[in-house]
Amino acid sequence: MQEEIVQQYLKTVCAGRKHASSSDLIEQALKISGNELRKNVNRLRRKGIPIASGDAGYFYAENAGEIYSTIRQLQKMRSGLDAAIRGLESSLEHFGEPDGDAP
């Protein structure tokens, strides 16, 4: 139910990059938390709904270019997360047993 509300809001109020809206404004308008908004956006995207995002916030994509831009942004995020995971994995050599005891 909430997914449909988020989708309809973005489609009618935030159509295209020029009408992007910040997470804070959307949260206030829909009376939901940031976590709920992010979960709903993720679910909608997984269903193939063209929810895009950029520096100005979320919006309902109007063309393929807006989708490609969002895909590139998400790929950069994924690369950053992968690098953080690799860094944490390499930090494990500084620790003892898995229970957290230092050498």
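Please refer to the structure placed before this passage.
Let me sum up the structure you'll find in this document. (Residues numbered from 1 in each chain as written. Predicted model: local features only at pLDDT ≥ 70, side-chain atom pairs only at ≥ 80, totals over all residues. Heavy atoms only, no water.)

Glancing now at the pattern of salt bridges. A side chain with one charge may pair with a side chain of the opposite charge, provided their charged atoms come close. Taken as a whole and judged by the stated rule, the model has three salt bridges. Two residues, Glu-3 and Arg-43, come together in a salt bridge whose shortest N-O distance is 4.0 Å. Linking Glu-3 in helix H1 (residues 2–13) with Arg-43 in helix H3 (residues 34–46), this pair joins segments that are 40 residues apart in sequence. For Arg-43, a relative accessible area of 37% translates into the label partly exposed. Across the salt bridge formed by Glu-62 and Lys-18, the nearest N and O atoms sit 3.1 Å from each other. In this pair, Glu-62 sits in the loop between strand S2 (57–60) and helix H4 (64–91) while Lys-18 sits in the loop between H1 and helix H2 (23–30), placing the two residues 44 residues apart along the sequence. Salt bridges linked by common partners bring Glu-3, Arg-43 and Lys-47 together as one network. (Salt bridge = Lys/Arg side-chain N within 4 Å of Asp/Glu carboxyl O. Helix = DSSP H or I, 4+ residues; strand = E, 2+ residues; numbered from the N terminus. Buried < 20%, exposed > 50% of the residue type's maximum accessible area, 1.4 Å probe, protein only.)

Before going further, it helps to examine the pairing of strand S1 (residues 51–54). Alternating positions in S1 separate into two faces, Ile-51 and Ser-53 on one and Ala-52 and Gly-54 on the other, with burial throughout. The hairpin formed by S1 and S2 contains two residues between the paired strands. (Pairing = 2+ DSSP bridges.)

What follows is about the packing of H1 against H3. It is the contact of H1 with H3, at a shortest axis distance of 9 Å, that shows an interaxial angle of 85°. For the element pair H1 / H3, the angle class is roughly perpendicular. For the pair H1 and H3, contact is made by Gln-2, Glu-3, Val-6 and Gln-7 and by Glu-36, Leu-37, Asn-40, Arg-43 and Leu-44, respectively. In terms of residue class, the contact of H1 with H3 is built from three nonpolar, three polar and three charged. (Axes fitted to C-alpha atoms, helices over the stretch in contact; angles between N-to-C directions. Parallel < 35°, antiparallel > 145°, perpendicular 65-115°, else oblique. Contact = heavy atoms within 4.5 Å. Nonpolar A, V, L, I, M, F, W, Y, C, P; charged D, E, K, R; others polar.)

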